Amino acid sequence: MFEQHFGLSKTPFDAPAAGEDVFVGPQAATLVRRAKTVFTNPDSVLCVSGPVGSGKTTLVGRALSALGRQHTVIRIGRIKLGPDEILDYMLRELGLKKMPAGTIQKITVFRNILEKLESNDIRLFVIVEDAARLGNTALQELEALTATDSGVSDGANLVLMAEAPLALALEAPGLKRLKQRARLHSTLKSMNAAETRGYVNHAIRRAGGEPENIVSDEAITSAHLVSEGIPRILNNVLMSALESAAENGMQRLEADELIRVATEDYGIEINAPVAVPGTELSAVDIPKSDTATDKDESDDAAPEETPFAEESAPAAEIEETRHDVLPELAAIDTGEHPIPALIQD
């Protein structure tokens, strides 16, 4: 493995980043800051769009971890569900093992869970990975189940993700209420050259290495060109190129090796010249922390968003809780949780 060859403590680009491993560039810093304000309302909706592989899921996870409060998450992946399947899916994700027979009983159980979470000051987030694929009828059902005015509790927050911006999609018949709950439409762009450099440097430092000793400036520039600033492609190409460089005994990854791997292994061709040190593309100064503040944002790096009032308080890190926030749910089929009593009635 190339980690030992380059003196790294872990693999820098292979797994989805979380917590401190997430690169906080201008786009991430803006999304984290504004999401905190969006989620001051217990049933508000955040819409995030961007190219496939642009890091939507990773950045949403980073934004949730910065809220400074306990929360549990239901993730609806890239699947299509019918309106009658949404409630069953969420109950299963919350740890329910014995499903009630009737719809009214299921809704009663779900509202009981929402009330229990609220009483423990735990916020529920439902993240839809592909809102377009999920379908409008399922989105209508999801909105009805999570709205504050549904009865017992304050509802749940929704995060809707898609490749294309969702503003127009929410104009569809039946989605008016969902549109009204949306507090922010954020569009992630592919990373520019500066963000790509910061991303690579951050990942290598988090793995215990010094970027200049492992990847040359020209290689980073080439990586930006072959990936077009898409993190998923960047990760894949860099992993393969570093592995190849290690196998060939190279002291560090150079541009020609990265280009060879991108061309031969991934079928990617570079249609633009590779800059050399001293040009504006390779001489971007990224701070050691690889984090961004409001002053770091530029017109070509900041996401397109709907303006609203912002909070300036710093975001605190907190570990995300999932199905273990209500451990008694695991025992629901044994009668140890008060919810079965509602079902029996």
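Residues numbered from 1 in each chain as written. Predicted model: local features only at pLDDT ≥ 70, side-chain atom pairs only at ≥ 80, totals over all residues. Heavy atoms only, no water.

Peer 1: Tell me about the confidence of the model for the chain, and name the residues and values.
Peer 2: Residue-level pLDDT values for the chain average 81, and 77% of them are 70 or greater. Note that pLDDT drops below 50 for residues 275-345; the model gives that stretch 145 contacts with residues more than four away or on any other chain. (pLDDT = per-residue confidence, 0-100. Contact = heavy atoms within 4.5 Å.)

Peer 1: So what's going on with the packing of aromatic side chains? Which residues, and what values?
Peer 2: Here the structure, examined in full by the defined rule, presents two aromatic pairs. On the basis of an interplanar angle of 85 degrees and a centroid distance of 6.1 Å, the ring pair of Phe23 and Tyr199 is categorised as edge-to-face. With a gap of 176 residues between them, Phe23 in the loop between helix H1 (2-6) and helix H2 (26-38) and Tyr199 in helix H9 (residues 193-206) connect regions that are remote in the sequence. Grouping residues by exposure puts Phe23 and Tyr199 together as buried. (Phe/Tyr/Trp six-rings, centres within 6.5 Å; stacked < 30°, edge-to-face > 60°. Helix = DSSP H or I, 4+ residues; strand = E, 2+ residues; numbered from the N terminus. Buried < 20%, exposed > 50% of the residue type's maximum accessible area, 1.4 Å probe, protein only.)

Peer 1: Talk me through unusual backbone geometry; I want residue IDs and the actual numbers.
Peer 2: Notably, Asp121 is not glycine yet its phi reads approximately 55 degrees, a positive angle. Inspection of the secondary structure assignment puts Asp121 in the loop between helix H5 (103-119) and strand E3 (123-128). A positive phi angle is found at Glu228, which is not glycine, with a value near 55 degrees. Inspection of the secondary structure assignment puts Glu228 in the loop between helix H11 (217-227) and helix H12 (231-247). On the basis of relative accessible area, Glu228 is assigned to the exposed category, the value being 61%.

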